Amino acid sequence: MGISVVPSAVALGLFDGVHLGHRRVLELVSAQSAGGLRPCVFTFETESVGVKHETALDYLYPSAQKCRILKACGMERIYHPPFAEVCDLTGEEFVREILLKRFAAAYVCCGRDFRFGQHASCNAEDLQRFGAHYGFAVELAEDVTLDGQHVSSTRIRKHLLQGDMTAANALLGAPYTIEQEVVHGAQLGRTIGFPTLNQVFAEGQLVPKFGVYASKTCVDGVDYPSLTNIGMKPTVQYDGLPLAETYVIGYAGDLYGKVVPVSLLRFLRPEQKFASVEELTAQMQRDLASCR
């Protein structure tokens, strides 16, 4: 493992979705830069964590997107190895090899429910004990609540599966955003005057409730109002994975191959099947009116 000679402040956690609770940890770590510490994060490669606390886990954001959010929160260095690379380390080995050798940690922050070490055998209190022994400070971030309930990725997943974007976005502290490469579709939308950009959800990624959403699409730093349909398309190239199709209002251009952020703002209606192209076109016009 690489050795760091720069004293660091390190945030610890899975940071799935980077919600308000995670942002509190990141704020505490970022604040340590005023004392000369380098803000850093230890997390896992999102796609490598299929189970959390013995529960199957559909992740919210892919690793690349999560890292972009962490950097936007002021983190200068992010170490996110696959889970299998470090899961066999004991708690003390994790402290020595990751926190001390890789980060030269002088300050460490995590949530009170943070666990580490082989079989998640160590908890936040054990981390404080290791900190006292090895000479780094440990701060446990207080739980963040919203509407009297603990902010958690579990709550966010529930709201996304229900299409409740207001609640999900409030817990995230930012709009839920799809950030995938734009791929070629069947191009039916072009034939009816509604060309769409197509983004495929990754395998293992949580998919919000199927249906049509009012959304916001950022192209080259400019936000455009948009409509997004999430659902399944019987197209071989998608390998049976769900797809987000977004009609960007007021934009015309080629976005194929680009990673375009599409933020879901409000659920408009469930996914429907139409008997004709004319019915689909009429419904799209109604969706546009509702979006506006």
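Here goes a summary of the coordinates provided. (Residues numbered from 1 in each chain as written. Predicted model: local features only at pLDDT ≥ 70, side-chain atom pairs only at ≥ 80, totals over all residues. Heavy atoms only, no water.)

With respect to the sheet that holds strand S1 (residues 8-12)
For clarity, the threshold we go by: We treat two strands as partners when DSSP finds at least two bridges between them. Numbering of helices and strands runs from the N terminus, with a helix taken as a DSSP run of H or I at least four residues long and a strand as a DSSP run of E at least two residues long. Lines fitted to the C-alpha atoms define the axes, with helices restricted to the stretch that makes contact. Angles between their N-to-C directions range from 0 to 180 degrees. Two residues form a contact once any of their heavy atoms are found within 4.5 Å.
Across the sheet, which stays open at both edges, the five strands sit in the order S5-S2-S1-S6-S7 with parallel pairing between neighbours. Strand pairing shows two members of the sheet lacking a second neighbour, strand S5 (77-79) and strand S7 (137-141), which therefore form its edges. Within the sheet, the average angular offset between the axes of one strand and its neighbour, ignoring direction, is 20°. In this structure, S1 lies alongside strand S2 (residues 38-42), joined through five bridges in parallel fashion. Directly across from Val10, in S2, lies its bridge partner Cys40. Those strands touched by helix H1 (residues 20-30) are S1, S2, strand S6 (105-111) and S7, and its axis lies near 165° from that of S6.

A closer look at the sheet that holds strand S12 (residues 211-219)
One closed barrel accounts for six strands, arranged S10-S11-S14-S13-S12-S15; its pairing is antiparallel. Geometrically, the sheet is characterised by an average inter-axis angle of 45° between neighbouring strands, direction not taken into account. With six bridges connecting them, strand S13 (residues 222-231) and strand S14 (residues 243-248) associate as antiparallel partners. Each residue of the ladder has a partner; that of Thr228, found in S14, is Thr246. Across the sheet, helix H7 (residues 165-172) lies against S12 and strand S15 (259-270), angled at about 140° from S15, the strand it touches most.

Topic: the packing of helix H6 (residues 153-162) against H7
Our working rule: In these notes the angle categories are as follows: under 35 degrees is roughly parallel, over 145 is roughly antiparallel, 65 to 115 is roughly perpendicular, and the rest is oblique. In this scheme the handedness of a crossing depends on how the near helix is turned from the far one: anticlockwise by less than a right angle means left-handed, clockwise means right-handed. Three residue categories are used. Nonpolar comprises Ala, Val, Leu, Ile, Met, Phe, Trp, Tyr, Cys and Pro, charged comprises Asp, Glu, Lys and Arg, and polar comprises the others, including Gly.
Following both chains from N to C, one finds H6 and H7 inclined at 155°, their axes separated by 8 Å at the closest point. Comparing their axes, H7 and H6 come out roughly antiparallel. Between H6 and H7 the crossing geometry is left-handed. In contact with Arg155, Ile156, His159 and Leu160 of H6, H7 contributes Met165, Ala167, Ala168, Leu171 and Leu172. Per-class residue counts for the contact of H6 with H7 are seven nonpolar, one polar and one charged.

Regarding the pattern of salt bridges
For the record, the criterion: Just to be clear on terms, a salt bridge is a Lys or Arg side-chain nitrogen sitting within 4 Å of an Asp or Glu carboxyl oxygen. Exposed residues in this analysis have more than 50% of their type's maximum accessible area, buried residues have under 20%, and partly exposed residues fall in between, with area computed by a 1.4 Å probe over protein chains only.
Considering all chains together, one arrives at eight salt bridges under this definition. Note that Asp16 and Arg157 form a salt bridge whose closest N and O atoms lie 2.1 Å from each other. Here the residue Asp16 occupies a position in the loop between S1 and H1, and Arg157 occupies one in helix H6, the gap between them amounting to 141 residues. Look at Arg157 and you get buried, because its relative accessible area is 11%.

A short note on unusual backbone geometry
With a phi close to 55°, Phe15 is a non-glycine residue in the positive phi region. Its location among the elements puts Phe15 in the loop between S1 and H1. Even without being a glycine, Asp220 presents a positive backbone phi close to 50°. If you trace the backbone, Asp220 turns up in the loop between S12 and S13.

Focus: H7
H7 sits mainly inside the fold: six of its eight residues count as buried. Along H7, the residues classified as buried are Met165, Ala167, Ala168, Asn169, Leu171 and Leu172. Against the buried residues of H7 lie H1, strand S8 (145-146), H6, S12 and S15. Downstream of H7 by one or two residues, Gly173 has phi in the positive range, about 80°.

So, the side chain of Ser8
Relative to the assigned elements, Ser8 resides in strand S1. For Ser8, the residues in contact, after removing those within four places along its chain, are Leu37, Arg38, Cys40, Phe103, Ala104, Ala105, Ala106 and Tyr107.

Here we look at the environment of Gly91
Looking at the secondary structure, you find Gly91 in helix H4 (residues 91-102). When the C-alpha positions of Gly91 and Ala120 are compared, they lie 8.3 Å apart, and in sequence the two are 29 residues distant. Once you skip the residues sitting within four places of it in the chain, Gly91 turns out to touch Phe116, Gly117, Cys122 and Phe130.

Let's talk about H6
Inspection of H6 places Ser153, Arg155, Ile156, Arg157, His159 and Leu160 among the buried residues, and these make up the whole buried set. Of the residues flanking the end of H6, it is Gly163, one or two places downstream, whose phi is positive at about 75°.

Focus: the environment of Leu89
Along the polypeptide, Leu89 turns up in the loop between helix H3 (83-86) and H4. The spatial distance from the C-alpha of Leu89 to the C-alpha of Ala120 is 10.0 Å, given a sequence separation of 31 residues. With near-sequence residues (within four places) excluded, Leu89 lies in contact with Phe94, Ile98, Gly117 and Gln118.

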